[in-house]
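Spelled out, the chains give:
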Amino acid sequence: MEILRDTVIKIDLSAIAQNMRNICQLMGKDTAVAAVVKANAYGHGVLKLAPVLMNSGASLLAVATLEEALEIRSCYPYPVLVMGLTPDSCLHYVIEHDIIQTVDSLHQALLLEEIAARQHKTGTIHLKIDTGFHRIGFPSSENGLEEALSVCRLPHLQTDGIFSHLALLNDETNQLQFDRFQNAVQFLESEGCHFHYKHIADSIALVDYPQYRLNLVRAGALIYGLRGFHKGYVSVRQALTFETKICHISSLKKGEGVSYDYAWRAPEDTRVGTLPFGYADGYPRNLFQKGRVTIHGVSCPIVGVICMDQCMVDLTLVPEARIGDRVIIYGDGTENTLDIQAVSQLAQTNKNEIVSRLSERPRRIYYGL
Ligand SMILES: *Cc1c(COP(=O)(O)O)cnc(C)c1O
């Protein structure tokens, strides 16, 4: 479809493919990689990325919700794991569309069992164990594990995996969680359960804690080139850039205001550019007085309150700037651009929030493959 706007998000698919291959290479042949593509592949566009990731070494795709899984299923036959819980009333879709569902209660397992039996199918599930994060999962207590064992024994459900999630506070708490997880696995295996996949490591843990890789890791941020690791290393590069063009230029006299409340006033006569993006595109409104964009290789401050669809930039440092000139909102960090890491620090959040909150409005443009 024709693109009718200058504000766009460009995605380098060769970076995505190379990041995925580098992660798989680091993991070696005994550890598979699940590509985490929840939240529309962290804003990058799941339908375009899914085949690239699967063709670059991913063994399965992991999402947060059933709707995200069904979106993938509407286009591809790839194995898809829903890492969150699905409402009781929707569990039949899991069976109908061969989605791998996370289960953390006997109650939901029995519902899935009944639906699968009725459809003469076998449902595929992963058990989630709560080792301390206290989000979802069977408690790692004796009672919790007994309940998990009852789930393993249901005839129309194949318990293909077991997993947990680390809080990543420090080495000590990580190890405690990992030990609880290993205990749970050992108990269930000693009772005759068999798990094809055991997994606990996310992007940070899969690099920093090789001892926690088991035979599957869940790589999210890392496949988009967003680095969070501290101890280990893997070569990845950011795939996403966010760009626009100057759409208007105003000449302000000293003391004149810009945007709501005139929260910024020109300290002297100033050329101010208008940029056609705002917080409805996912740009953080709290970057007021902090945001910068790059024009002609020069970092220029955003001035005034950021509006829903537009914002203004001080052009003092780029007197040559004209309407139609290219503006880098999120770059790769070179040539005075702010990368996702730098933007997240300015906005006092994390990298995943910056990319996953990018709205659908800016069109995604793919290149590189
Ligand atoms: C989102 C998510 C991941 C991926 O996290 P990253 O830090 O982006 O790698 C892994 N596991 C679970 C359960 C998640 O919800």
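Given the structure is predicted, the values throughout are model-derived calculations rather than measurements. (Residues numbered from 1 in each chain as written. Predicted model: local features only at pLDDT ≥ 70, side-chain atom pairs only at ≥ 80, totals over all residues. Heavy atoms only, no water.)

## Points about helix 3 (residues 46-55)
Across the ten residues that make up helix 3, a large majority, seven, are buried. Within the sequence span of helix 3, burial applies to Val46, Leu49, Ala50, Pro51, Val52, Leu53 and Met54. At the C-terminal side of helix 3, Gly57 shows a positive phi close to 120°. (Buried < 20%, exposed > 50% of the residue type's maximum accessible area, 1.4 Å probe, protein only. Helix = DSSP H or I, 4+ residues; strand = E, 2+ residues; numbered from the N terminus.)

## With respect to the site of the ligand
Around the ligand, the neighbouring residues are Val36, Lys38, Tyr42, Met83, Arg135, His165, Asp202, Ser203, Arg218, Gly220, Ala221 and Asn352. Between the ligand and the protein, one listed contact pairs a nitrogen atom with a side-chain N or O atom of Arg218 at 2.7 Å. In isolation the ligand has 380 Å² of accessible area, and contact with the protein removes 89% of it. Judged by its atoms lying within 2 Å of the grid points, the ligand is housed in the largest pocket. When grouped by side-chain class, the residues that make up the shell around the ligand number four nonpolar, four polar and four charged. (Near = heavy atom within 4 Å. Polar contact = N/O pair within 3.5 Å; in protein donor to acceptor, adjacent residues only side chain to side chain. Areas by Shrake-Rupley, 256 points an atom, 1.4 Å probe, with all protein chains shown as cover. 1 Å grid on protein atoms, 1.4 Å probe; cavity = no way out; pocket = protein on both sides within 12 Å on 5 of 7 lines; lining within 4 Å. Sits in = over half its atoms within 2 Å of the grid points. Nonpolar A, V, L, I, M, F, W, Y, C, P; charged D, E, K, R; others polar.)

## Considering the side chain of Glu68
Inspection of the secondary structure puts Glu68 in helix 4 (residues 66-73). Here Glu68 occupies a buried position and makes no salt bridge, while the nearest side chain of opposite charge, Lys38, is found at 7.9 Å. Contacts of Glu68, omitting those with residues within four sequence positions, involve Lys38, Ala39, Asn40 and Val63. (Lys, Arg positive; Asp, Glu negative; His and termini not counted. Salt bridge = Lys/Arg side-chain N within 4 Å of Asp/Glu carboxyl O. Contact = heavy atoms within 4.5 Å.)

## With respect to the nonpolar core
Core analysis: the largest hydrophobic core is formed by 115 residues, its most contacted members being Leu127, Ile295 and Tyr330. In terms of residues, this core owes the most to one element, helix 1 (residues 13-27), which gives eight residues. Apart from the residues lying within four places of it in its own chain, the contact partners of Leu127 are Val103, Phe138, Ala148, Val151, Cys152, Thr159, Gly161, Ile162, Phe163, Leu188 and Phe195. Among the nonpolar cores identified, the runner-up in size contains seven residues, and Val258, Trp264, Ala266 and Val272 belong to it. (Core = buried A, V, L, I, M, F, W, Y, C linked by side-chain atoms within 4.5 Å.)

## Description of the domain arrangement of the protein chain
In terms of domain boundaries, the protein chain breaks down into domain 1 (13-224) and domain 2 (240-338). Here the C-alpha centroids of domain 1 and domain 2 sit 42 Å apart. (Domains from an automatic or database assignment.)

## Thoughts on the side chain of Thr241
Assignment of secondary structure puts Thr241 in strand 11 (residues 240-245). Residue class for Thr241 comes out buried when judged on its relative accessible area of 15%. Other than its neighbours up to four places away in sequence, Thr241 contacts Val8, Ile9, Lys10, Tyr330 and Gly331.

## Re the packing of aromatic side chains
Here the structure, examined in full by the defined rule, presents nine aromatic pairs. For the ring pair Phe229 and Tyr233, a centre distance of 5.9 Å and an interplane angle of 85° mean the geometry is edge-to-face. A residue is classified by how much of its surface remains accessible, and Phe229, at 13% relative accessible area, is buried. One aromatic cluster is present, built from ring pairs that chain together Phe242, Phe277, Tyr283 and Tyr330. Just above the ring of Phe133 sits the side chain of Arg135; from NZ or CZ to the centre is 4.6 Å. (Phe/Tyr/Trp six-rings, centres within 6.5 Å; stacked < 30°, edge-to-face > 60°. Lys NZ or Arg CZ within 6 Å of the ring centre and 35° of its normal.)

## Concerning the packing of helix 7 (residues 142-152) against helix 8 (residues 171-190)
For the pair helix 7 and helix 8, interaxial distance at closest approach is 10 Å and the crossing angle is 45°. Comparing the axis directions of helix 7 and helix 8 gives the class oblique. Where helix 7 crosses over helix 8, the handedness of that crossing is right-handed. On helix 8, the residues that touch Leu145, Glu146, Ala148 and Leu149 of helix 7 are Ala184, Phe187 and Leu188. (Axes fitted to C-alpha atoms, helices over the stretch in contact; angles between N-to-C directions. Parallel < 35°, antiparallel > 145°, perpendicular 65-115°, else oblique. Left-handed = near helix turned anticlockwise from the far one by under 90°.)

## Describing helix 4
All of the buried residues in helix 4 are Leu66, Glu68, Ala69, Ile72 and Arg73. Seen along its axis, helix 4 keeps its buried residues to an arc of 160°; they face one direction. In this structure, the buried residues of helix 4 make contact with helix 2 (38-42), helix 3, strand 3 (60-63), strand 4 (80-82) and helix 5 (91-96). (Arc of directions from axis to C-beta.)

## Considerations on empty space enclosed by the protein
According to the stated counting rule, one finds one cavity of 30 Å³ or more in the structure shown. Lys128, Ile129, Asp130, Phe133, His134, Arg135, Ile136, Ser164 and His165 are the residues that line the largest cavity. A class-by-class count of the residues in the lining of the largest cavity yields three nonpolar, three polar and three charged. (Points joined across faces, edges and corners; volume = space filled by probe spheres on them.)

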